[in-house]
Amino acid sequence: VPDDTRLFVRADRSDDIAAALELTRGRRSVVLVGGTGAVLHVKTLSQRSFSVVLAPPAAGDVDPSAARDRARAAAALVDQGVATAFGSTMGTDLRGMARDAVAEGMTEAQAMRTLFGGVGQVLGRQTMGDLTRGRLTVVGPARFVVVRGSPLAALPQVWTDRTAEARPAQPTMA
């Protein structure tokens, strides 16, 4: 695989992440997918300019320690400047993942950037998901969402461009 090709490596446990770091030594564009055990490797991931997509819990995974580890990893990775995104599958509670990360020390603003702008950072597209106040970057068909209060709240008031007469809409997964 050419060195300038972005390489995605699935590793969740700390020892698998260590092996991935060893196997990809010398590569520039590596994205770690999974990352629950990344908190033990934050400094190396930062030094090697890795990006991380924190995978959601696996189907049927109800282990609260895994969610805590993922949230700790998110907070530590963002704190060290590692390009980080929350990954999702059908039915993933992304806001819940972001709330968990805030509970582990990430600021709400960092959680929002990780939730919405992280994928652009991970893919090397800095203009995707821009949350800068007063600036709008449109990459594709525009969809607007207005939220009163914290978007990470359990039931924020949400209005979308598809909501007639700006009535509150039910939060949905897009």
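The structure presented is a predicted model; accordingly, all values stated were derived computationally and were not measured.

**Observations regarding the packing of helix α3 (residues 64–79) against helix α4 (residues 94–103)**
Where α3 meets α4, the closest approach of the two axes is 8 Å, and the angle between their N-to-C directions is 70°. Put simply, α3 runs roughly perpendicular to α4. Between α3 and α4 the crossing geometry is right-handed. Contacts from A67, R70, A71, A74 and A75 of α3 reach α4 at M97, D100 and A101. Residue composition of the contact of α3 with α4, by class: six nonpolar, no polar and two charged.

**Looking at the pairing of strand β2 (residues 30–34)**
Of all five residues that make up β2, four are buried, and the element is covered over most of its length. One crossover worth recording links strand β1 (residues 7–11) to the parallel β2 by way of helix α1 (residues 14–23), and it is right-handed. By the bridge criterion, four bridges tie β2 to strand β3 (residues 51–54) in an arrangement that is parallel. Bridged to G34 within β3 is L54. After leaving β2, the chain enters helix α2 (residues 42–47) and then returns to the sheet as β3, a path that is right-handed.

What counts as what
- Residues numbered from 1 in each chain as written.
- Predicted model: local features only at pLDDT ≥ 70, side-chain atom pairs only at ≥ 80, totals over all residues.
- Heavy atoms only, no water.
- Axes fitted to C-alpha atoms, helices over the stretch in contact; angles between N-to-C directions.
- Helix = DSSP H or I, 4+ residues; strand = E, 2+ residues; numbered from the N terminus.
- Parallel < 35°, antiparallel > 145°, perpendicular 65-115°, else oblique.
- Left-handed = near helix turned anticlockwise from the far one by under 90°.
- Contact = heavy atoms within 4.5 Å.
- Nonpolar A, V, L, I, M, F, W, Y, C, P; charged D, E, K, R; others polar.
- Buried < 20%, exposed > 50% of the residue type's maximum accessible area, 1.4 Å probe, protein only.
- Right-handed = clockwise from strand over helix to strand, strands pointing away.
- Pairing = 2+ DSSP bridges.

From the geometry alone we can't say anything about function, so treat these as descriptive.
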